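Breakdown of the fold
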Amino acid sequence: MSKLIIITAPSGAGKTTIVQELLKNTDQLAFSISATTREMRPHETDGVDYYFISHKEFKKRVKNCDFAEWEEVYENQFYGTLKSEIERIWTLNKHIIFDIDVKGAKSIKKTYGDHAMAIFIAPPSLEVLIERLKNRKTEDKRSLKKRIKRAKKELKYKDKFDCVVINDDLKTAVKEAENLVQSFISKTNTTI
Ligand code: ADP
Ligand code: 5GP
């Protein structure tokens, strides 16, 4: 059976970077493309990084119960995993890798139990996370402030997941995450 690998962390910890590295190094995984109402960043592609949809469409899909989970991650910015996305990946016979916030991670774990493993990516410190967010240059002042405020809260969830990987040196963190993923997907017994 396909398994679910959840990569979660506050914004700026390095989830997206680590997920992209994991995907590069294996064809056993497929990325769960979330739907979001946030604006597309210059380097992003619709249908690859996210399904970028309007607030109206998002609300309609919530009403239709189309989401496996969804959250208002930032004020008036919605993100969610469509059930159809999980089904799409299942038909590919691949394991699913998610890049979602801590609440979404909890929801997926609750639904899929031992078939899911949640890895929390921790920055070496809050200061480093802030520095990385600033250097990424994707957020304006207001958005940066929102993300830092939420990151402080999310860091407290660190020990609530199956494993923690500290993303200090990127290569080391990717290797650690890779080992965790490989050991989880090669297990026939799904208990972590
Ligand atoms: P998230 O998806 O968790 O918001 P990103 O993957 O976008 O985080 O990473 C935030 C920024 O930090 C990016 O500019 C990325 O290139 C950089 N970054 C990620 N991991 C490291 C690392 N180990 N050392 C230095 N910079 C990193
Ligand atoms: P970003 O705007 O930086 O791409 O993502 C902001 C936050 O939303 C990140 O913590 C990211 O993991 C989270 N996120 C992305 N997709 C989903 C999703 O489908 N569901 C939930 N709950 N969070 C998501």
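In this report, the structure presented in the accompanying data block is examined. (Residues numbered from 1 in each chain as written. Chains lettered and ligands numbered in written order. Predicted model: local features only at pLDDT ≥ 70, side-chain atom pairs only at ≥ 80, totals over all residues. Heavy atoms only, no water.)

As for the site of ligand 1
For ligand 1, the set of nearby residues contains 13 residues, the closest of which are Gly12, Thr16, Thr17, Arg136 and Asn167. The separation between a nitrogen atom of ligand 1 and a polar main-chain atom of Asp168 is 2.9 Å. A total of 560 Å² of accessible area belongs to ligand 1 in isolation, and the protein chains cover 74% of it. Elements that contribute at least two residues to the shell around ligand 1 include exactly helix H1 (15–24) and helix H5 (126–136). Take the shell around ligand 1: its biggest share by element is three residues, from H1. A breakdown of the residues in the shell around ligand 1 according to their chemical character gives three nonpolar, six polar and four charged. (Near = heavy atom within 4 Å. Polar contact = N/O pair within 3.5 Å; in protein donor to acceptor, adjacent residues only side chain to side chain. Areas by Shrake-Rupley, 256 points an atom, 1.4 Å probe, with all protein chains shown as cover. Helix = DSSP H or I, 4+ residues; strand = E, 2+ residues; numbered from the N terminus. Nonpolar A, V, L, I, M, F, W, Y, C, P; charged D, E, K, R; others polar.)

Overview of the sheet that holds strand S9 (residues 163–166)
Spatially, five strands are ordered S2-S7-S1-S8-S9 in an open sheet, and the strand pairing comes out parallel. Of all the strands in the sheet, just strand S2 (29–31) and S9 have a single pairing partner and so form its edges. Strand after strand, the sheet turns through a mean of 25° between neighbouring axes, direction not considered. Here strand S1 (residues 4–8) runs beside strand S7 (residues 95–99); their pairing, made up of four bridges, is parallel. Paired with Ile5 across the strands is Ile97, a residue of S7. With respect to the sheet, helix H3 (residues 83–91) is in contact with S2 and S7, its orientation differing from that of S7 by roughly 145°. (Pairing = 2+ DSSP bridges. Axes fitted to C-alpha atoms, helices over the stretch in contact; angles between N-to-C directions. Contact = heavy atoms within 4.5 Å.)

A word on the environment of Leu29
Topologically, Leu29 is positioned in strand S2. Each C-alpha atom of the pair Leu29 and Lys94 lies 5.4 Å from the other, and the pair is 65 residues apart in sequence. Once residues lying within four places of it in the same chain are set aside, the contact partners of Leu29 are Ile5, Leu22, Leu23, Lys94, His95, Ile97 and Val181.

A look at the sheet that holds strand S3 (residues 34–36)
Sheet strands pair by backbone hydrogen bonding; their relative direction is either parallel or antiparallel. Pairing is mixed in the open sheet, where four strands are placed in the order S4-S3-S6-S5. In this open sheet, the two strands that pair with only one neighbour each are strand S4 (50–52) and strand S5 (67–74). Each strand of the sheet is rotated relative to its neighbour by a mean of 25°, with strand direction disregarded. Here S3 runs beside S4; their pairing, made up of three bridges, is parallel.

What about the packing of aromatic side chains?
In this structure the tally under the stated criterion is eight aromatic pairs. The ring centre of Phe184 lies 4.9 Å from the NZ or CZ of Lys3, which sits over that ring. In this arrangement the basic side chain of Arg150 is found over the ring face of Tyr74, its NZ or CZ atom lying 5.9 Å from the centre. (Phe/Tyr/Trp six-rings, centres within 6.5 Å; stacked < 30°, edge-to-face > 60°. Lys NZ or Arg CZ within 6 Å of the ring centre and 35° of its normal.)

Quick notes on the pairing of S7
Most of S7 sits out of view: five of its five residues are buried. Where burial is concerned, the two faces of S7 agree: the one with His95, Ile97 and Asp99 and the one with Ile96 and Phe98 are both buried. In this sheet, S7 lies alongside S2 in parallel orientation, the contact comprising three bridges. Bridging from a neighbouring strand, Leu29 pairs with His95 of S7. (Buried < 20%, exposed > 50% of the residue type's maximum accessible area, 1.4 Å probe, protein only.)

Quick look at the site of ligand 2
In the region of ligand 2, 18 residues are neighbours, and Ser34, Arg38, Tyr50, Tyr79 and Asp101 sit closest. Within the contact set of ligand 2, an oxygen atom lies 3.4 Å away from a side-chain nitrogen or oxygen of Lys15. Interatomic distance of 2.6 Å between a side-chain N/O atom of Arg38 and an oxygen atom of ligand 2. Its free accessible area being 510 Å², ligand 2 has 96% of it covered by the protein chains. Every element with two or more residues in the shell around ligand 2 is listed here: S5 and strand S6 (77–82). With four residues, S5 is the single largest residue contributor to the shell around ligand 2. In the shell around ligand 2, the residues fall into six nonpolar, four polar and eight charged.

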